[in-house]
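Okay, here's what each chain looks like letter by letter:
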Amino acid sequence: DKVIRVVPESERETQILRAAFNRLKVDLWQPSSPLHIVQGAAADVRIPQNATRSLLPFLQQANIQYTILISDLQQAIENQTAGRSHRSRRSLPGYNYEVYHSLEEIEDWMHYLNRTYSDLVHMFSVGKSYEGRPLYVLKLGKRSRPYKKAVWIDCGIHAREWIGPAFCQWFVKEALQTYQTDPDMRKMLTQLYFYIMPVFNVDGYHFSWTNDRFWRKTRSKNMRFHCHGVDANRNWKVKWCDEGASLHPCDDTYCGPFPESEPEVKAVAHFLRKHRKQIKAYLSFHAYAQMLLYPYSYKYATIPNFNCVESAAYNAVNALQSAYGVRYRYGPASSTLYVSSGSSMDWAYKNGIPYAFAFELRDTGHFGFLLPEMLIKPTCTETMLAVKNITLHLLKKCH
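As the structure is a prediction and not an experimental result, all values here were calculated from the model.

Cut-offs and rules
Residues numbered from 1 in each chain as written. Predicted model: local features only at pLDDT ≥ 70, side-chain atom pairs only at ≥ 80, totals over all residues. Heavy atoms only, no water. Pairing = 2+ DSSP bridges. Helix = DSSP H or I, 4+ residues; strand = E, 2+ residues; numbered from the N terminus. Axes fitted to C-alpha atoms, helices over the stretch in contact; angles between N-to-C directions. Contact = heavy atoms within 4.5 Å. Buried < 20%, exposed > 50% of the residue type's maximum accessible area, 1.4 Å probe, protein only. Disulfide = S-S within 2.5 Å. Core = buried A, V, L, I, M, F, W, Y, C linked by side-chain atoms within 4.5 Å. Domains from an automatic or database assignment. Buried area = accessible area lost by both parts, 1.4 Å probe. Salt bridge = Lys/Arg side-chain N within 4 Å of Asp/Glu carboxyl O. Polar contact = N/O pair within 3.5 Å; in protein donor to acceptor, adjacent residues only side chain to side chain. Nonpolar A, V, L, I, M, F, W, Y, C, P; charged D, E, K, R; others polar.

Read from one edge to the other, the open sheet built from 8 strands follows the order E5-E6-E8-E7-E11-E14-E12-E13, with strand pairing classed as mixed. Looking at strand neighbours, the two that pair on one side only are strand E5 (121–128) and strand E13 (329–332), the edges of this open sheet. For this sheet the average axis-to-axis angle between neighbouring strands, irrespective of direction, equals 20 degrees. With 3 bridges joining them, strand E12 (residues 291–294) and strand E14 (residues 355–361) adopt antiparallel strand pairing. Bridge assignment links Leu292 to a residue of E14, and that residue is Phe359. Lying on the sheet, helix H4 (residues 103–116) is in contact with E5 and strand E6 (134–140); it crosses E6 at an angle near 40 degrees. In the packing of helix H12 (residues 376–395) onto the sheet, the strands contacted are strand E7 (149–155), strand E8 (192–197), strand E11 (279–287), E12 and E14, and the crossing angle to E14 comes to about 170 degrees.

And the structure:
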């Protein structure tokens with residue numbers, strides 16, 4: 001299997017690519033659906049070995065230029081987690097934050113923190129997944145007063161975006177390790193609660209470890225089409241199944257049979273609704289594109305508190321860049337990335353959470369979903385600066 005990048009140079013090329021990718025049912029990495037392929041913007045696509053023989057000559061015949069991003073995908077998968085099999089099962093105090101962890105390891109880690117840091121960490125479940133797994137959340141913060149504002153952070157809505165859950169764990173580690181020494185962190189944990197969900201789509205994430213590394217959706221069954229899963233970021237009750245979502249159960253952006261059809265989405269939506277007065281920020285972590293997005297995703301329009309959100313984004317992106325010079329684009333999701341309906345970020349915003357952001361972490365396509373483990377640390381370090389920046393912005397009044 002290969003991953004190639006095509007940048008359509010004309011309307012003709014755009015139409016040819018949309019049609020071809022639709023027909024061949026390729027795995028589109030970027031954008032998430034053939035509908036979003038536009039002139040002048042890169043499309044990254046994974047081509048199975050058996051289709052390489054037909055698709056590449058087809059592109060050459062149509063005179064469409066492409067570049068090969070990853071020439072041997074299996075090799076790249078093995079490189080990403082090199083040395084995984086003989087990685088010693090280190091005890092939890094020596095938990096390694098610079099490798100990717102399976103669902104089981106992440107859950108053990110959460111239980112461990114819950115026992116070890118009971119003054120700052122409280123672990124609970126908001127419900128069960130389609131396959132019956134608990135949906136764990138860590139509540140992080142000093143129990144300094146009964147009522148505190150809160151920030152919600154989730155990672156791993158899309159199963160194959162492994163850097164997300166790695167960042168959620170990194171955030172918790174940083175909070176616990178620097179709480180004593182860093183005045184900003186101390187302020188954050190004293191004045192706020194953080195609700196952190198390291199793996200939103202637990203079934204899908206587990207499946208991406210055991211069966212298909214590039215699985216994106218949940219794992220619910222569709223009886224009629226024998227396809228699994230719904231895009232958990234198209235299943236929210238906000239302009240549900242409109243532009244940028246698919247009605248077909250086999251598609252990667254399938255919106256589901258109805259809003260909140262997925263138990264994972266329903267459980268988190270229920271929790272956020274219940275705590276909507278307390279939660280002031282919603283942060284969701286995805287990959288890949290190096291972007292910081294805010295509402296709206298489903299339409300081209302300016303949000304009422306645009307100035308506050310825009311300045312928070314601008315400062316966060318600058319803070320992030322200060323670490324390694326990595327540039328992030330920022331702006332409304334619809335115009336910065338593409339229009340998509342039924343997203344968690346829009347839903348959070350529509351439900352009264354004033355600061356709603358979606359991060360698209362590294363990179364911009366060189367490794368795509370296979371970001372090597374050696375890039376976990378720099379990616380998380382820079383992202384941490386952005387998240388702290390947004391959080392501190394939140395604590396200052398913005399008018």
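Our focus in this paragraph is the side chain of Gln290. Within the element layout of this structure, Gln290 appears in the loop between E11 and E12. With relative accessibility at 13%, the residue Gln290 sits in the buried group.

Okay, the state of the cysteines next. Cysteine pairs can be covalently joined through their sulfur atoms, and such a bond is termed a disulfide. Taken as a whole and judged by the stated rule, the model has 4 disulfides. In this model Cys155 forms its disulfide with Cys168; the gap between the sulfur atoms is 2.1 Å. Disulfide Cys155-Cys168: torsion about the S-S bond near 85 degrees, hence right-handed. A residue pair is termed long-range when its members are at least 10 positions apart, and Cys155 in strand E7 and Cys168 in helix H5 (residues 163–178) qualify at 13 residues. Overall, Cys155 belongs to the buried group, its relative accessible area being 0%. Across the disulfide, Cys241 is cross-linked to Cys255 (sulfur-sulfur distance 2.0 Å). As the torsion about the S-S bond is roughly -70 degrees, the Cys241-Cys255 disulfide counts as left-handed. Within this pair, whereas Cys241 is found in the loop between strand E10 (227–228) and helix H8 (263–274), its partner Cys255 is found in the loop between E10 and H8, the two being separated by 14 residues in sequence. Pair check on accessibility: Cys241 and Cys255 agree, each one buried. Numbered by order of appearance in the sequence, the disulfide-linked cysteines of the protein pair as 1-2, 3-5, 4-6, 7-8.

This part is about the nonpolar core. Membership of the largest hydrophobic core comes to 113 residues, with the highest contact counts inside it found for Leu140, Trp152, Ile153, Phe171, Phe194 and Phe357. With 9 residues, the single largest contributor to this core is H5. Split by domain, this core shows at least three residues from each of two domains, domain 1 (2–71) and domain 2 (103–211 + 238–395). Apart from residues no more than four positions distant in its own chain, Leu140 is found in contact with Leu120, Val121, Phe171, Val172, Ala175, Leu176, Leu189, Leu192, Tyr193, Phe194 and Ile196. The next biggest cluster of nonpolar side chains, apart from the first, holds 18 residues, and it includes Phe21, Ala43, Val45 and Leu56.

The strand order E2-E3-E1-E4 describes an open sheet built from 4 strands, whose pairing is antiparallel. The outermost strands of the open sheet, each flanked by one partner alone, are strand E2 (27–30) and strand E4 (66–70). Strand-to-strand twist across the sheet, computed as the mean angle between neighbouring axes with direction ignored, equals 30 degrees. The sheet contact formed by E2 and strand E3 (residues 43–47) spans 3 bridges and is antiparallel. Bridging from a neighbouring strand, Gln30 pairs with Asp44 of E3.

Looking now at the domain arrangement of the protein. Under the domain assignment used here, the protein contains domain 1 (2–71) and domain 2 (103–211 + 238–395). Placing a centre on the C-alpha atoms of domain 1 and another on those of domain 2 gives a separation of 30 Å. On the domain 2 side, the residues contacting the 13 residues of domain 1 number 16 residues. Counting the surface lost from both domain 1 and domain 2, the interface buries some 1,200 Å², and carbon and sulfur atoms represent 49% of this. On the domain 1 side of the interface with domain 2, the three residues burying the most area are Trp29, Gln30 and His36, jointly 44% of the side's total. Our count for the contact surface shared by domain 1 and domain 2 stands at 1 salt bridge. One salt bridge in this structure joins Asp27 and Arg160, with 3.0 Å as the shortest N-O distance. Connecting domain 1 to domain 2 are 7 residue pairs in polar contact (both at pLDDT 80 or more). Counting residues per element, the ones that place at least two in the side of domain 1 that touches domain 2 are E2 and E4. Among the elements that make up the side of domain 1 that touches domain 2, the one with the highest residue count is E2 (4 residues). Here the residues of the side of domain 1 that touches domain 2 are counted per class, giving 5 nonpolar, 4 polar and 4 charged.

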